[in-house]
Amino acid sequence: MPQHLTEAQKSWAIAKLEENRSLSEVAAELNVSKSCIFYVKKRWQEQQRLQRPLRQGVGKVSNENEDNALVEYIRQNPFATAVKAQEQTLFPGSLRVAQMRLKQSGLKNCAAARKVFLTAEHKHRRVQFASEFLIHGEEFWNNVVFSAEKTFESCNSGRLRVYRPRNTRFEENYTLTSTNSERFSVNVWAWISVNGPGMCYQIDGRLTAEHYIKILDDVMLPSVREVFPDNFTFQHVRN
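These notes cover the structure that comes with them. (Residues numbered from 1 in each chain as written. Predicted model: local features only at pLDDT ≥ 70, side-chain atom pairs only at ≥ 80, totals over all residues. Heavy atoms only, no water.)

**Describing the packing of aromatic side chains**
Worth spelling out the cut-off: Aromatic rings from Phe, Tyr and Trp, with only the six-membered ring used for Trp, were paired whenever their centres fell within 6.5 Å, and each pair was classed as stacked if the ring planes differed by under 30 degrees, edge-to-face if by over 60, and tilted otherwise. Summary of the burial criterion: residues with accessible area below 20% of their type's maximum are buried, those above 50% are exposed, and those between are partly exposed, where the area comes from a 1.4 Å probe applied to protein chains only.
Inspection of the entire model under this criterion finds 6 aromatic pairs. Seen from their ring centres, phenylalanine 133 and phenylalanine 140 are 6.2 Å apart, and the 25° between their planes marks the pair as stacked. For phenylalanine 140, a relative accessible area of 25% corresponds to the partly exposed category. Taken together, a centroid distance of 6.2 Å and an interplanar angle of 10° make the contact between tryptophan 141 and phenylalanine 146 stacked. A relative accessible area of 28% means that tryptophan 141 is categorised as partly exposed. In this structure an aromatic cluster arises from ring pairing among Phe129, Phe133, Phe140, Trp141 and Phe146.

**Remarks on unusual backbone geometry**
Condition: Per the convention used, a helix needs a DSSP run of H or I reaching at least four residues, while a strand needs a run of E reaching at least two, with both numbered from the N terminus.
In the Ramachandran plot, asparagine 31 falls in the positive-phi region, its phi being about 60° despite a non-glycine side chain. Along the polypeptide, asparagine 31 turns up in the loop between helix H2 (23-30) and helix H3 (34-47). Assessed through its relative accessible area of 42%, asparagine 31 is described here as partly exposed.

**A word on the pattern of salt bridges**
Stated precisely, the cut-off is as follows: Salt bridges are defined by distance alone: a side-chain nitrogen of Lys or Arg within 4 Å of a carboxyl oxygen of Asp or Glu.
Taken as a whole, this structure holds 5 salt bridges when the rule is applied. The partner of glutamate 25 in a salt bridge is arginine 21, with the nearest N and O atoms 3.3 Å apart. Since its relative accessible area comes to 40%, glutamate 25 is described here as partly exposed. Note on arginine 21: relative accessible area 27%, which makes it partly exposed. Of the charged contacts in the structure, one is a salt bridge between arginine 125 and glutamate 121, with a shortest N-O distance of 3.0 Å. Residue arginine 125 and its partner glutamate 121 are both found in helix H7 (residues 120-132); the two are separated by 4 residues, about one turn of the helix. Judged by relative accessible area, which is 40%, glutamate 121 ranks as partly exposed. Through salt bridges that share partners, Arg21, Glu25 and Glu29 make up one connected network.

**Some thoughts on the side chain of aspartate 67**
Here is the rule we go by: Any two residues whose heavy atoms approach within 4.5 Å at even a single point are treated as in contact.
Within the fold, aspartate 67 resides in helix H4 (residues 64-76). A residue is classified by how much of its surface remains accessible, and aspartate 67, at 10% relative accessible area, is buried. Those residues within four positions of aspartate 67 in sequence are excluded, and the remaining contacts are Lys60, Ser62, Phe91 and Arg101.

So, in structure tokens, the structure goes:
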């Protein structure tokens, strides 16, 4: 026999019981057991309600000031971990809650980008170069070949992570400058143009002036001529 009553059936059962109908009679009318009607009557007498009380939501474990302190600490120390921020700000919530608060504030935990350290003079020269060549059109740039050296390095610390807002990957506050503490390194020279990447050449030892000229004669010129047989503009990229 069905033992689950709808709210309408429960209300009808209570009304009949208040008319001094017996448990057996009401149970028979609803085709349920006597104990089912007894339970409905008991709940009504004890709590004056038929439904279970709605579960109250759990309050926030941290208040607004505690949340702000956590977020502000990470803003001031973007390379700190959420665990460190918890400890320093005495944040009352769990690590998962702390990470959620940081995410809600717009701070995303990302792998930190690495950039070559640039002095004020470096930056000035780069802006100057861009300004001078801003007037050149697409036809000019389609024939320009850029080259640069890159040192790939390994280190013991692994990839560091940083908390940062969106679209700030290369801002100075959230990037790591190159260091000399790596275990080993590989030097590479390569060129690129509007047509895509060109020759990539591994440099053995230090890149001296004589070595660089040899790379230009033996590697750059032959490989670039395959793409630009008539003419091209070579622009070495310098810091």
